[in-house]
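Close look at the chain arrangement
Chain by chain, the residues:
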Protein chains: 2
Amino acid sequence: MPPSRAAMAPALPSRTYTLPAPLQLDGGQVLEGASIAFETYGELAADKGNAILICHALTGDQYVASDHPVTGKPGWWERTVGPGKPIDTDRFHVICANVIGGCMGSTGPASIAGDGQPYAMRFPVITIRDMVRAQVALLDGLGIERLHAVVGGSMGGMQALSLAANFPGRCDRVLAIATTARHSAQNIAFHEVGRQAVMADPDWQGGNYYGSGRAPDKGLSVARMAAHITYLSESGLTEKFGRNLQDRDAKTFGFDADFQVESYLRYQGSGFTQRFDANSYLYITRAMDYFDLAEEHGGKLAEAFAASTARFCLVSFDSDWLYPTAESRHIVHALNAAGAAVSFVELSAPHGHDSFLLDVSALDRVMKGFVG
Amino acid sequence: MPPSRAAMAPALPSRTYTLPAPLQLDGGQVLEGASIAFETYGELAADKGNAILICHALTGDQYVASDHPVTGKPGWWERTVGPGKPIDTDRFHVICANVIGGCMGSTGPASIAGDGQPYAMRFPVITIRDMVRAQVALLDGLGIERLHAVVGGSMGGMQALSLAANFPGRCDRVLAIATTARHSAQNIAFHEVGRQAVMADPDWQGGNYYGSGRAPDKGLSVARMAAHITYLSESGLTEKFGRNLQDRDAKTFGFDADFQVESYLRYQGSGFTQRFDANSYLYITRAMDYFDLAEEHGGKLAEAFAASTARFCLVSFDSDWLYPTAESRHIVHALNAAGAAVSFVELSAPHGHDSFLLDVSALDRVMKGFVG
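A brief report on the enclosed structure follows. Not measured: the values here are computed from a predicted model.

**Some points on the pattern of salt bridges**
One pass over the full model with this rule turns up 40 salt bridges over all chains. A salt bridge links Glu262 of chain A to Arg195 of chain B; the nearest nitrogen and oxygen atoms lie 2.7 Å apart. Separated into two different chains, Glu262 of chain A in helix α6 (residues 260–273) and Arg195 of chain B in helix α3 (residues 185–200) make up a pair that spans both. Since its relative accessible area comes to 0%, Glu262 of chain A is described here as buried. Residue Lys251 of chain B pairs with Glu295 of chain A through a salt bridge whose shortest N-O separation is 2.8 Å. Highlighted residues: Lys251 of chain B in the loop between α5 (234–240) and α6 (260–273) and Glu295 of chain A in the loop between α7 (278–290) and α8 (301–304), drawn from two different chains. Judged by its relative accessible area of 46%, Glu295 of chain A falls in the partly exposed class. Where salt bridges share partners, they join Glu192, Arg195, Arg286 and Asp289 of chain A together with Arg248, Asp258, Glu262 and Arg266 of chain B into one cluster.

Next comes the structure, spelled out in structure tokens:
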């Protein structure tokens, strides 16, 4: 097995911005001297009016359209972002920042605290709104007052909605894909399984595994396997794997990965540990579980959007059972009640929640049409 | 935390039958001297024509209508089985046996092998058909040639179908509830997560944890948590827990079980380890993943039922996403093709797969009507 992410040198982000002011967090704590690692693509116009902020999902990062420095793989939305692509970097200046709490250069649990030791579990619990506060501080630093658009899928969509709600003057367009305005009991339940899997691993060591030569790779791998199932549809799994056996003609009557789907999941799990920090996984899943945009705004989702002047576009996928269409519809109803301009489309795609990352030409057309 | 199941003395089943002949297994191995622990309820008629075999699910046992000797809780189907109940023990003689591979008295991985040591992972990998072979051997021992009915939900339904297919002369009625004729890729995937969680626990020790004072309770707990989510519907979880907090007025901004659903899952996980053996969990999930009734019969499910003269009743629940209605319909089509007498009903119940264990009065009526 290759070395785990936690055992490797930190990835070097291309650019880092250190927040000039302490970041006030929802939990009441303050993050001093936080850094934001980010990538940009395309030229910023002289009037700074062509900036698009892309917000990444739980296990994403700032490498939206350039090779990942750890895995060497193409950017996670390379099919969407680039010259002539649906988000056209010949026309737009695309910014993508690693969320705080992350592990790709932004301040997170693996970062060094004031006492010279890694934060580990002393890192404050953050929220989606805290992530957005950091993104807005970065925009301030870049001198970008108003975004042409904020775009995100899954947790990225949560951030896009949160930015529109909490910083209503900062964006003209909000494109939120395969997302939700709150985590359901089932969403929380799956994340809790993942956290317990990490914390049950003795190599987690209460979070203090940095520099120990051991990291909770097994626990994190199990967490990723469980989560990965929720990203795919039942029919997609059946189509892709069915009950096909892996490189063998017959069942072995043992506990090897007889079935292709077992082999695939194990690969997903172990590959993940090579690029992600387990404590970041704990903190980011917690932020998602805490997300309830209505609760932040007096319990009424429409109130969250009362001050927004942006145009909204919501996209869901019919095979997404993690954040099903009903969740997008719920947001659309609130936007309608708030009198916002909103368009909404449910796309037919076979691959479940992950469809937002995959080859869905209808999504390309929607994005191109909305972002302009 | 109370002691785990593995650390406790074996539960004493009320009756045990030792198979007089070696049990030939699908995997090619032979199980010598296997014991079957079972419970019975109601009187067996003089002509032995009133016997009903109930087959239990993955984590069930023979205590269908009497207190569980480890937990002290009522039997798992006490609402269904008893005097005057849908399966009326004033009229029927009900037999329920712990499956082989189990941990409640039937021979399984915790049992002592010929060399005086526990089998652990030397126990042969078994199949649903192997479980049924053991059940039929028990019926032979009890002198019951033909069952009035075989009844089961979930994995119990798999056994009921397998008995009808492989021992077509042994039953008059087959009632299969919330079940499937084969495990899907998604079903296998969830089980694989659970197995990996168990095997990732260093206390698993390659399965040789018996007598070591340590058992993979943490891993087994995570496995149970993941599985438990699949037993409940998304809407059922929302209705029962939503985003309610557990014994607190506000989020703690920490990693405690802030949400009720987290607390509930942790309780389900740790409670499970007190009554179940981790290696049994591995073997029984493997048997379920291997289950493909069509494959056993030339790839055609209708062929499986060609020789059966039984009447069938299939029941599914509209909120069951583990074995959804389409799986029951698939079985019904095969039974129709085989010319079997079959009735089928999809019941509306909010609680997902676990509905077969819960208070669903329509299920009571279906069972009473079909069993007679």
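**Description of the relation of the copies chain A and chain B**
Structural alignment of chain A on chain B gives an RMSD of 0.0 Å, achieved by rotating through 180° and translating 0.0 Å along the axis. Viewed as a symmetry operation, the transformation between the two copies matches a two-fold axis. Taken together, the interface assignments show that 100% of the residues at the interface of chain A recur at the interface of chain B, consistent with an identical surface on both copies.

**Some thoughts on the sheet that holds strand β8 (residues 93–97) of chain B**
Residue and element names in this part refer to chain B. The mixed open sheet is built from 8 strands, whose spatial order is β1-β4-β8-β5-β9-β10-β11-β12. With partners counted over all chains shown, the strands left at the sheet margins are β1 (15–18) and β12 (341–347), one partner each. Neighbour-to-neighbour, the strand axes of the sheet open up by a mean angle of 20°, direction not taken into account. Here helix α9 (residues 325–337) sits on the sheet and contacts β11 (311–317) and β12; the angle it forms with β11, its principal contact strand, is near 165°. Along the sheet, helix α10 (residues 361–371) contacts β5 (51–55), β9 (149–153), β10 (173–177), β11 and β12; its crossing angle with β10, the most-contacted strand, is approximately 165°.

**Re the interface of chain A and chain B**
Each partner contributes to the interface: chain A provides 53 residues, whereas chain B provides 53 residues. Interface area for chain A against chain B, summed over the two sides, is near 4,600 Å², with a carbon-plus-sulfur share of 69%. The largest share of the area that chain A buries against chain B comes from Arg243, Phe253 and Phe255 of chain A, three residues that together contribute 18% of it. Close ionic contact of Arg286 of chain A with Glu262 of chain B constitutes a salt bridge, the shortest N to O distance being 2.7 Å. Across the contact surface, chain A and chain B share 28 residue pairs in polar contact (both at pLDDT 80 or more). Elements with a contribution of two residues or more to the side of chain A that touches chain B: α3 (185–200), α4 (217–231), α5 (234–240), α6 and α7 of chain A. Tallying contributions element by element places α3 of chain A first for the side of chain A that touches chain B, with 12 residues.

The rules behind these values
- Residues numbered from 1 in each chain as written.
- Chains lettered and ligands numbered in written order.
- Predicted model: local features only at pLDDT ≥ 70, side-chain atom pairs only at ≥ 80, totals over all residues.
- Heavy atoms only, no water.
- Salt bridge = Lys/Arg side-chain N within 4 Å of Asp/Glu carboxyl O.
- Helix = DSSP H or I, 4+ residues; strand = E, 2+ residues; numbered from the N terminus.
- Buried < 20%, exposed > 50% of the residue type's maximum accessible area, 1.4 Å probe, protein only.
- Least-squares fit on C-alpha atoms with pLDDT ≥ 70 in both.
- Contact = heavy atoms within 4.5 Å.
- Pairing = 2+ DSSP bridges.
- Axes fitted to C-alpha atoms, helices over the stretch in contact; angles between N-to-C directions.
- Buried area = accessible area lost by both parts, 1.4 Å probe.
- Polar contact = N/O pair within 3.5 Å; in protein donor to acceptor, adjacent residues only side chain to side chain.

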